[in-house]
Amino acid sequence: MFTKKGQLSIEVLIIIIFLITFIYVYNNLAEQAVYSLEINKIKEQELTIALSVNEFLEAQKNILADTNIVDYNATYRLPTITIASKKITSCFVDINLDTQMLIVQTDYSNIHTDMDVNLPKDDFNISGIISCGETIICNKPSTKIECKQI
Amino acid sequence: MMDTRKGQVMLLDVLFAVVIIILMFFLLIKFVETDIYKTNVDSRTEELTSVGSLAYQKFLNNPKINCKVKDTQNSFYIPGTINTTTTITKADLGIPLDYNCQVIGVSVTGCQTAGFDGPSYTIQFPVVTCTDDLNKNTYVDYVTNTSDPSSSIITLNVWRAS
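Analysis parameters
- Residues numbered from 1 in each chain as written.
- Chains lettered and ligands numbered in written order.
- Predicted model: local features only at pLDDT ≥ 70, side-chain atom pairs only at ≥ 80, totals over all residues.
- Heavy atoms only, no water.
- Disulfide = S-S within 2.5 Å.
- Helix = DSSP H or I, 4+ residues; strand = E, 2+ residues; numbered from the N terminus.
- Buried < 20%, exposed > 50% of the residue type's maximum accessible area, 1.4 Å probe, protein only.
- Pairing = 2+ DSSP bridges.
- Axes fitted to C-alpha atoms, helices over the stretch in contact; angles between N-to-C directions.
- Contact = heavy atoms within 4.5 Å.
- Buried area = accessible area lost by both parts, 1.4 Å probe.
- Salt bridge = Lys/Arg side-chain N within 4 Å of Asp/Glu carboxyl O.
- Nonpolar A, V, L, I, M, F, W, Y, C, P; charged D, E, K, R; others polar.
- Phe/Tyr/Trp six-rings, centres within 6.5 Å; stacked < 30°, edge-to-face > 60°.

Trainee: Is there a simple way to think about the state of the cysteines in this case?
Mentor: Linking two cysteines covalently through their sulfur atoms gives a disulfide. Evaluated as defined, the whole model comprises four disulfides over all chains. At a sulfur-sulfur separation of 1.8 Å, the disulfide partner of A:C91 is A:C132. Residues A:C91 and A:C132 are joined through a disulfide that is left-handed, its torsion about the S-S bond being -45 degrees. Taken together, the residues span a long stretch of sequence, with A:C91 in strand 2 (residues 91-96) and A:C132 in the loop between strand 6 (130-131) and strand 7 (135-139) at a distance of 41 residues. Judged by relative accessible area, which is 11%, A:C91 ranks as buried. In this model, B:C101 is linked to B:C111 through a disulfide, with the two sulfur atoms separated by 1.8 Å. Judged by the torsion about the S-S bond (-90 degrees), the B:C101/B:C111 disulfide is left-handed. You can see B:C101 sitting in strand 5 (residues 99-104) and its partner B:C111 sitting in the loop between strand 6 (108-109) and strand 7 (121-130), a full 10 residues away along the chain. Judged by its relative accessible area of 0%, B:C101 is buried. Each bonded cysteine in chain B gets a number by its place in the sequence, and the pairs come out as 1-4, 2-3.

Trainee: Looking at this model, I keep getting lost on the sheet that holds strand 1 (residues 73-77) of chain A. Mind explaining?
Mentor: Strand pairing in a sheet relies on backbone hydrogen bonds. The paired strands run either parallel or antiparallel. Residue and element names in this part refer to chain A. Taken in spatial order, the four strands line up as 1-7-8-5 in an open sheet, and their pairing is mixed. Each end of this open sheet is capped by a strand with a single partner; those strands are strand 1 and strand 5 (124-126). Ignoring which end each strand starts from, the neighbouring axes of this sheet average 15 degrees apart. With five bridges joining them, strand 1 and strand 7 adopt antiparallel strand pairing. Considered in strand 7, the bridge of T75 is made with I137.

Trainee: Help me understand the pairing of strand 4 (residues 112-116) of chain A, please; the structure alone is not making it clear to me.
Mentor: On a regular strand, one side chain projects to one face of the sheet and the next to the other, so that they alternate. Residues and elements named next belong to chain A. Note: strand 3 (residues 101-106) against strand 4, five bridges, orientation antiparallel. When the bridges of strand 4 are listed, Q105 appears paired with H112. Taking the residues that link successive antiparallel strands as the turn, the strand 3-strand 4 hairpin has five residues, and the phi of S109 there is positive, at about 50 degrees.

Trainee: Where do I start with the interface of chain B and chain A in this structure?
Mentor: Between chain B and chain A, the contact holds 39 residues from the first and 30 residues from the second. Buried surface at the junction of chain B and chain A, both sides included, amounts to about 3,100 Å², of which 65% is carbon and sulfur. Considering only the surface of chain B that becomes buried against chain A, B:L11, B:F25 and B:L54 emerge as the three largest contributors, covering 16% of it. Between the two partners, chain B and chain A, sit one salt bridge. For A:E58, the salt bridge goes to B:K58, with nearest N and O atoms at 3.1 Å. If you list the elements that add at least two residues to the side of chain B that touches chain A, you get helix 1 (2-60) and strand 2 (75-78) of chain B. With 24 residues, helix 1 of chain B is the largest single contributor of residues to the side of chain B that touches chain A. Split by residue class, the side of chain B that touches chain A holds 20 nonpolar, 12 polar and seven charged.

Trainee: What should I look at first to understand the packing of aromatic side chains in this one?
Mentor: Two measures describe an aromatic ring pair: the distance that separates the ring centres and the angle between the ring planes. Within this structure, the stated rule accounts for six aromatic pairs over all chains. Between A:F56 and A:Y76 the ring centres are 5.5 Å apart and the planes differ by 25 degrees, which places this aromatic pair in the stacked class. With A:F56 in helix 1 (residues 4-65) and A:Y76 in strand 1, the pair connects residues that are 20 residues apart, well separated along the chain. Assessed through its relative accessible area of 11%, A:F56 is described here as buried. An aromatic cluster is defined as three or more aromatic residues linked by ring pairs; in this entry it consists of B:Y56, B:F59 and B:F125.

Quick look at the structure:
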């Protein structure tokens, strides 16, 4: 049998253990929830960038078919990725004409969005990666559309 | 005896409060999960709509397949027209490899003949068709309703393959 004092100490101990466990679990779950929301927001914005870049490049195909156009250049400024809780320092678009893949990547947990594209290698020459927030310029010096970051 | 009862009541109050907070938190997690699922579905829908909309635009405004009007000095392509003698490919419509398409009304190389029952982007639109470059007089006749050009209804269906 416990004395009254002993019983009270055990109750206090139970409450303390319970509170510590509660704080640990709560903190862990809260971090996971915030992480999931951040990834979600980044993925959303990466998709917007991927779709807009693809749309811009698809529009350039028209220039190849139109022989009336000889002197041409088009520019598009890529959007940036922002989330309220963190600063995204690195974000870029990589277009691989061999694999026909457009990849938008950030430095946040290596989250990236891949998208299949249909930009024939014979029609395009895209040099290097394009950073978010920067401008891409496309022109037609020969029979190919040449695009690069300025 | 009085002190112990108070202690028990307080302990129960704290336990109940903590249990309620935990339940509320799991409810919040469920909302977050639902929101993330909704965003993922929206993303896929947005991508499909973008690919479908782009294909539709490239049908209407694409010098490779549009009808051309020429006179002795100038030439230009007319949006919303299709030269049916040209070979239209899936690439001309900007449809990526991981998407399938079905086009009714005109032949498109790379698209399927059978449709898809699942989620897809479908649009039906009229186009003027031609089989050769138009001359200026024919074009003026069309514009002034002196004669009617031949036309066709195109049905474009785009869906994700995987």
